[in-house]
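Architecture and fold: a report
Listed below are the residues making up each chain.
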Amino acid sequence: MSAALLCPAPVAVAAPLLPLVGAATRVPLVTGGETTYADLDGAASSRALEVVAAAVTEALPRYASVHRGAGWLSQLSTAAYEDARATVAGFVGARADDVAVLTRHTTDALNLLAGCVPDGAAVLVLDVEHHADLLPWQRRRGPVTVLPAAPTVADTLRLLGAELAAAPYALVAVTGASNVTGEALPVEDVVELAHAAGARVVVDGAQLLPHRRFSLAATGADYVALSGHKLYAPFGTGALVGRRDWLDAAPAYLAGGGAVAEVTVEETRWVAAPHRHEGGSPNVLGAVALAAACDALAALPDGALVEHERVLRERLVDGLRELPEVRVLRIWADSGEPTGVVSFTVEGADPGLVAAYLSAEHGIGVRDGRFCAHPLLARLGVPEGALRASVGVGTTSADVDRLLEAVATYLTRGPRAEYAQVAGRWQPVDDPRPLVAGAQRGAGCGPAQHA
């Protein structure tokens, strides 16, 4: 291991920017003893902010059915739900005539929008997208073009402009930040190209909004989709925010109570958006949680989050690049500053095995696999997958240093425990650590399916 890893230089960031629930959680090690969990997997699903958990706890005694309820608690819950909608809209800089539909997550929001794009209209998307911003367009009624990104941002924008000039498109779908590398195309440039060609733009904000401030009004983007579970509010609510006309004209996304104005046995009259697409009893507590997270992030001083993540990300990338067997993944040679997401490979090592080792022997949580971005991983030359570490408001410099030291130890000494694949996942052989009741080792999707 290098001297830089043995004796890390002092950094400005030593503490979390915002406190997270369970930040001091202790986990057992397969080698014996226990350690504080280092959660570097927030890009998959983040822990709740303490203020989010407090908001949910406060709302629970007042919880009741929403909309049309005459009871006082129903009125309070309805007000909380609709206030949360307004908070989310404000957080993404919605225009006065935009509408915010509360959904389950980004995937839900983009599937909703896919059903609102006019029938037969074409959608243009890049091959760098998460599956949530690729699969909904492929399955809708209408043509979809998946444009391969060029090696540079400048050339990718030129290709995008040329494609928009060559054929009519109704919508361009673009990631706000890659869930693999944290990189992105400049949204304003994409919007300018799309609008000049008569197309709208939807931004997949799942990996952008936890790391950067964003405004529909300022960028000119037409829609943005987001997930609470990426935004430190893992209570099952996301949102689609944007222009009303397509949402009012489309069939109800989820047919049911609350989405209708009048029902007979022959026909149904639907209400306008947002309620048109929110059939059934909504997730009031999830909405309260999402709003609390939006408020907490919006209250941070200007630039504080960017600087916090910049220090941590640079420390992580610099440390990984000191290890000759490690390759840090990038999409574009000329991209701007990425968000706090870093994917990398370890030469000759199965990423699933390395992830299992980091967890079992060091108490570090990272993601391994293809991150629900299979076309991008294939184009980057790692179709078998990679490792991903992500930093955010709860990450400390000590978390980053633990990961760097653990990877260096893996390269110099190797694992201390024996590992084997169980149902497609690497696990320690004869693992003595107790499992939580009901947990099943090896359950769930294989490494190729991880988001």
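Reading the values: rules and limits
Residues numbered from 1 in each chain as written. Predicted model: local features only at pLDDT ≥ 70, side-chain atom pairs only at ≥ 80, totals over all residues. Heavy atoms only, no water. Helix = DSSP H or I, 4+ residues; strand = E, 2+ residues; numbered from the N terminus. Rg over C-alpha atoms; globule rule 2.2 N^0.38 Å. Buried < 20%, exposed > 50% of the residue type's maximum accessible area, 1.4 Å probe, protein only. Contact = heavy atoms within 4.5 Å. Areas by Shrake-Rupley, 256 points an atom, 1.4 Å probe, with all protein chains shown as cover. Lys, Arg positive; Asp, Glu negative; His and termini not counted. Charge placed at Lys NZ, Arg CZ, Asp CG, Glu CD.

This part is about the overall build of the protein chain. The secondary structure content of the protein chain amounts to 14 helices and 19 strands. On C-alpha atoms alone, the protein chain measures out to a radius of gyration of 23 Å, which is about the 22 Å that the 2.2 N^0.38 rule sets for 451 residues. C-alpha extents for the protein chain along the principal axes are approximately 70 × 55 × 45 Å. Residues counted as buried form 54% of the 451 residues belonging to the protein chain. Put simply, 71% of the contacts in the protein chain that link residues at least 6 apart link residues at least 24 apart. Counting every atom, the protein chain has about 18,500 Å² of accessible surface; 55% of that belongs to carbon and sulfur. Averaged over its 35 positive side-chain charges, the protein chain has a centre that lies 2 Å from the centre of its 49 negative ones.

What follows deals with unusual backbone geometry. In this structure, P274 follows A273 across a cis peptide bond, with omega equal to 10°. Residue position: P274 is located in the loop between β12 (268–270) and α10 (284–298). Non-glycine residue H67 carries a positive phi angle of around 65°. Along the polypeptide, H67 turns up in the loop between α2 (50–59) and α3 (72–91). In this structure, F371 is a non-glycine residue whose phi angle is positive, near 55°. Structurally, F371 is set in the loop between β16 (367–369) and α13 (374–379).

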